Amino acid sequence: MKHRIHPPQFFHARWLAVLMAVLASFLLSPAAAALFPFDEGEAASPSLEAWRWPSGEPVAITQAFDPPSQDWLSGHRGVDLNIPVGATIYAPAAGTVTFAGRLVDRQVLVIEHDHRRSTFEPVAPLVSLGDHVEEGQAIGIVEAGHSPGPLHWGVKVGAKQYLNPLRQLLAPIVLKPW
């Protein structure tokens, strides 16, 4: 016995296909882009310009980036750099200082770069809250108090998304037409 599609079911399937096609064409249109703008601040890709090492030159990584699979789990939300205590660190990119001071038991420095925040600890800040910093500008002095590496460097986008700081040192790959 052959299974037949009854006319009402066929009509519903056809109507659904037409509706899906119209919806897809709208979502890909400029009108949809205006209604639902893409927030570039939430993008995980690096900027068009590569950042600089906070040390001024490449240094050894004493603990790698190891983000947790869930927000509440343990992990390492940055990298630890082998920069000697007492060394000067530099802004990896231009930005604005959003925090410079003691947080719990150590000095912390936070800089907002477009839609990404870089954090450094423990660092005696050479800049103040609200200061604009340029890429390569001296921003702090590494203090004792962090292990396994003297300096922890983190990068965050939005409220919960951590990025690998080392990835910010690379310019994005751009495919060129031949």
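Attention here is on the structure that accompanies the text. Keep in mind that what you see is a predicted model, and the values were worked out from it rather than measured.

Regarding the nonpolar core
Then, in step 1: Ranked by size, the top nonpolar core spans 22 residues in total, and within it Ile89, Phe120, Ile139, Leu151 and Trp153 carry the most contacts.
Then, in step 2: For this core, the secondary-structure elements that each account for two or more residues are strand S2 (79-81), strand S5 (106-113), strand S9 (138-142) and strand S10 (151-157).
Then, in step 3: No other element matches the 4 residues that S10 contributes to this core.
Then, in step 4: If we skip the residues at most four places from it in the chain, Ile89 touches Pro54, Ile83, Phe120, Val123, Gln137, Ala138, Ile139, Gly140, Val142 and Leu151.

Some thoughts on the pattern of salt bridges
Oppositely charged side chains can form a pair if their charged atoms are brought close together.
Then, in step 1: For the structure on display, the rule yields 3 salt bridges.
Then, in step 2: Note that Glu135 and Arg52 form a salt bridge whose closest N and O atoms lie 3.8 Å from each other. Separated by 83 residues along the polypeptide, Glu135 in the loop between strand S8 (132-133) and S9 and Arg52 in the loop between helix H2 (30-35) and strand S1 (61-63) bring together distant segments of the chain.
Then, in step 3: Judged by its relative accessible area of 41%, Arg52 falls in the partly exposed class.
Then, in step 4: Connected through salt bridges with shared partners, the residues Asp105, Arg106 and Glu121 form a single ionic network.

Thoughts on the packing of aromatic side chains
Then, in step 1: This model, assessed by the stated rule, comprises 1 aromatic pair.
Then, in step 2: Where Phe120 meets Trp153, the ring centres are 6.2 Å apart and the plane angle is 10°; that geometry is what we call stacked. Placement of the pair is Phe120 in strand S6 (residues 116-121) and Trp153 in strand S10, with a sequence separation of 33 residues. In this structure, Phe120 and Trp153 share a single accessibility class: buried.
Then, in step 3: The aromatic ring of Tyr162 is capped on one face by Arg77, whose charged end is 5.6 Å from the ring centroid.

Brief notes about the pairing of S6
Then, in step 1: Of the two faces of S6, only one is covered, namely that formed by Arg116, Ser118 and Phe120; the face formed by Arg117, Thr119 and Glu121 stays uncovered.
Then, in step 2: Two elements, S5 and S6, share 5 bridges in a ladder whose sense is antiparallel. Paired with Glu112 across the bridge in S6 is Arg117.
Then, in step 3: One ladder, built from 6 bridges, connects S6 with S10; its direction is antiparallel. Across the sheet, residue Arg116 finds its bridge partner in S10, namely Val157.

Notes on the sheet that holds S9
Then, in step 1: Strand order in the open sheet made by the 3 strands is S3-S9-S7, with antiparallel pairing throughout. On the outer flanks of this sheet lie strand S3 (88-90) and strand S7 (123-125), each paired with one strand and no other. Across this sheet, the average inter-strand angle for adjacent strands is 40°, counted without regard to direction.
Then, in step 2: Both S7 and S9 contribute to a ladder of 3 bridges, which runs antiparallel. Residue pairing for S9: Val123 is matched across the bridge by Val142.

Comments concerning the pairing of S10
Then, in step 1: Of all 7 residues making up S10, 7 are buried, and the element is well covered by its neighbours.
Then, in step 2: Residues of S10 alternate between two faces, with Leu151, Trp153, Val155 and Val157 on one and His152, Gly154 and Lys156 on the opposite face, all of them buried.
Then, in step 3: Bridging between S2 and S10 involves 3 bridges; their strand directions are antiparallel. Within the sheet, the bridge partner assigned to Leu81 lies in S10 and is Leu151.
Then, in step 4: Two elements, S10 and strand S11 (residues 161-163), share 3 bridges in a ladder whose sense is antiparallel.

Here is what the cut-offs are and how they apply
Residues numbered from 1 in each chain as written. Predicted model: local features only at pLDDT ≥ 70, side-chain atom pairs only at ≥ 80, totals over all residues. Heavy atoms only, no water. Core = buried A, V, L, I, M, F, W, Y, C linked by side-chain atoms within 4.5 Å. Buried < 20%, exposed > 50% of the residue type's maximum accessible area, 1.4 Å probe, protein only. Helix = DSSP H or I, 4+ residues; strand = E, 2+ residues; numbered from the N terminus. Contact = heavy atoms within 4.5 Å. Salt bridge = Lys/Arg side-chain N within 4 Å of Asp/Glu carboxyl O. Phe/Tyr/Trp six-rings, centres within 6.5 Å; stacked < 30°, edge-to-face > 60°. Lys NZ or Arg CZ within 6 Å of the ring centre and 35° of its normal. Pairing = 2+ DSSP bridges. Axes fitted to C-alpha atoms, helices over the stretch in contact; angles between N-to-C directions.

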